[in-house]
Amino acid sequence: STISKIGGNLDVDQAIVQDIHATVSISYTANATNSFDAGNNTNWVFPLFAGPNMYWVGGSGNWNDPSHWAFTSGGTAGSCIPGPGNDVFFDANSFTSSSQTVTMNVSNASCKSLSWTGANYTPTFASSSTANTLKIYGSVTLISAMNLSYNGSVSFEAKTSGNTITSAGKVWPISGTPEIYFNGLGGSWTFQDAFATNSIISLVNGTLNTNDQPVTCYYFESQNSNVRALNLGASTWVCTGYYWLVNNGTNLTLDAGTSTIRMTYCCYTYFYGGNKTYNNVDFEGTNYPASIQNNNTFNGTVTCSGDADFGSSNTFNGNLILSPGRTYNFAGSSTQTLSATGTLTANGTCGSYIMMSSATTGTQANITKVGGNIIVDNTIIKYLNANVSTG
């Protein structure tokens, strides 16, 4: 959006500024004193600003209550609440007894880094509503000796690299509309241990490094054309819901490494891979078909425990495993390519045949093997053209 000033300066103080283009007359300026540059701003002058550390004091209370925030550990409170430039700490002087709770009670809260290191008495971090949103512009450190019942949205908004997330075995208990967002222009985050949420992980901007750590979410999405990256390393990523949603893979760099993606939902499962390269992918649901879309490449093993619809062409550099008693439909005129290292395992039994068919009656789908043979056993085949090359 644009704010235009004709004659004179444009001045703001103690503001969070994001996505704002300032236009002012020549020789004048747009000044953002004591303010935070949240990204994608033009023509603003942000004087150097580093907010002081802020410490929670006084036991149970609401996030937006200044009487619980001090500038020193155990210090005098009452001046202000955290903003995106403030590192916040819950430490040994924050709580005085067990069963004390910090409640997020506002729709748009923010801080820089968030640390619970040293907090005593097993405190709880909660929220008053699923409409609560916490924007974090730095790192997060949780501890095992705390309770996490926060169920609003969390948006990681860092604009710098090198941010870390330590979950200490805690699961973000978010479900439904609230999500976990990674949305920092130029920011990056690295998991230090297992990361888990009951909700959606949405990669909007920046770089997410799973760092070989396990990841669990309801489903994953990255549905825009922003510059962003996902580095999976050797992680096992479990989607307990129905989507891996990268239908728009523009400007997304995805390094699958040696990772495994497990789609564990019982019923309809949709894998929109965005024309990217993956390693192992397991479709574990058996009640309804898995849908595999977007012309992907798989370097590892793809296992289909239930039925599956291959709605686009794909390349398999590892093994494609189809299960006995199941039906596999391939889009008419599509081509499933088994490279020189790719194989197909389709071994039905005499009492449990595999069905392989084009999804379009009368229009063949193609299965191509580069070097070597295609061999299936106890399989019913319909409208499939096999191409076996020697190269």
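Scroll up to find the structure.
Presented here is an overview of the structure given in this document.

Quick notes on the rules
Residues numbered from 1 in each chain as written. Predicted model: local features only at pLDDT ≥ 70, side-chain atom pairs only at ≥ 80, totals over all residues. Heavy atoms only, no water. Pairing = 2+ DSSP bridges. Helix = DSSP H or I, 4+ residues; strand = E, 2+ residues; numbered from the N terminus. Salt bridge = Lys/Arg side-chain N within 4 Å of Asp/Glu carboxyl O. Buried < 20%, exposed > 50% of the residue type's maximum accessible area, 1.4 Å probe, protein only. Phe/Tyr/Trp six-rings, centres within 6.5 Å; stacked < 30°, edge-to-face > 60°. 1 Å grid on protein atoms, 1.4 Å probe; cavity = no way out; pocket = protein on both sides within 12 Å on 5 of 7 lines; lining within 4 Å. Points joined across faces, edges and corners; volume = space filled by probe spheres on them. Nonpolar A, V, L, I, M, F, W, Y, C, P; charged D, E, K, R; others polar.

Focus: the pairing of strand β28 (residues 236–239)
Judged from the three bridges that link them, strand β25 (residues 215–217) and β28 form a sheet pairing that is parallel. Its bridge partner being in β28, Cys217 is matched across the sheet by Cys239. As paired elements, β28 and strand β31 (residues 260–263) share four bridges and run parallel to each other. Its bridge partner lying in β31, Cys239 is registered against Met263.

With respect to the pattern of salt bridges
Counting across every chain of the model gives three salt bridges. In this structure, the salt-bridge partner of Lys159 is Glu157, at a minimum N-O distance of 3.8 Å. Relative accessible area serves as the criterion here: at 2%, Glu157 is assigned to the buried category.

Quick notes on the packing of aromatic side chains
Per the counting criterion, the structure on display carries 38 aromatic pairs. Measuring from ring centre to ring centre gives 5.3 Å for Phe182 and Trp189, while their planes differ by 65°; the resulting arrangement is edge-to-face. Phe182 sits in the buried class, given a relative accessible area of 0%.

A closer look at empty space enclosed by the protein
Taken as a whole and judged by the stated rule, the model has one cavity of 30 Å³ or more. If you go around the largest cavity, the residues you meet are Phe316, Leu320, Leu322, Phe330, Gln336, Leu338, Leu344, Met356 and Ile367. Looking at the lining of the largest cavity, the elements with two or more residues in it are β40 (319–322) and β42 (335–338). Class assignment of the residues belonging to the lining of the largest cavity gives a composition of eight nonpolar, one polar and no charged.

Concerning the pairing of strand β27 (residues 228–231)
Of the pairings in the sheet, the one linking strand β24 (residues 200–209) to β27 comprises four bridges and is parallel in character. Across the sheet, residue Gly206 finds its bridge partner in β27, namely Arg228. Pairing between β27 and strand β30 (residues 252–255): four bridges, direction parallel. For Asn231, the partnering residue across the bridge sits in β30 and is Asp255.

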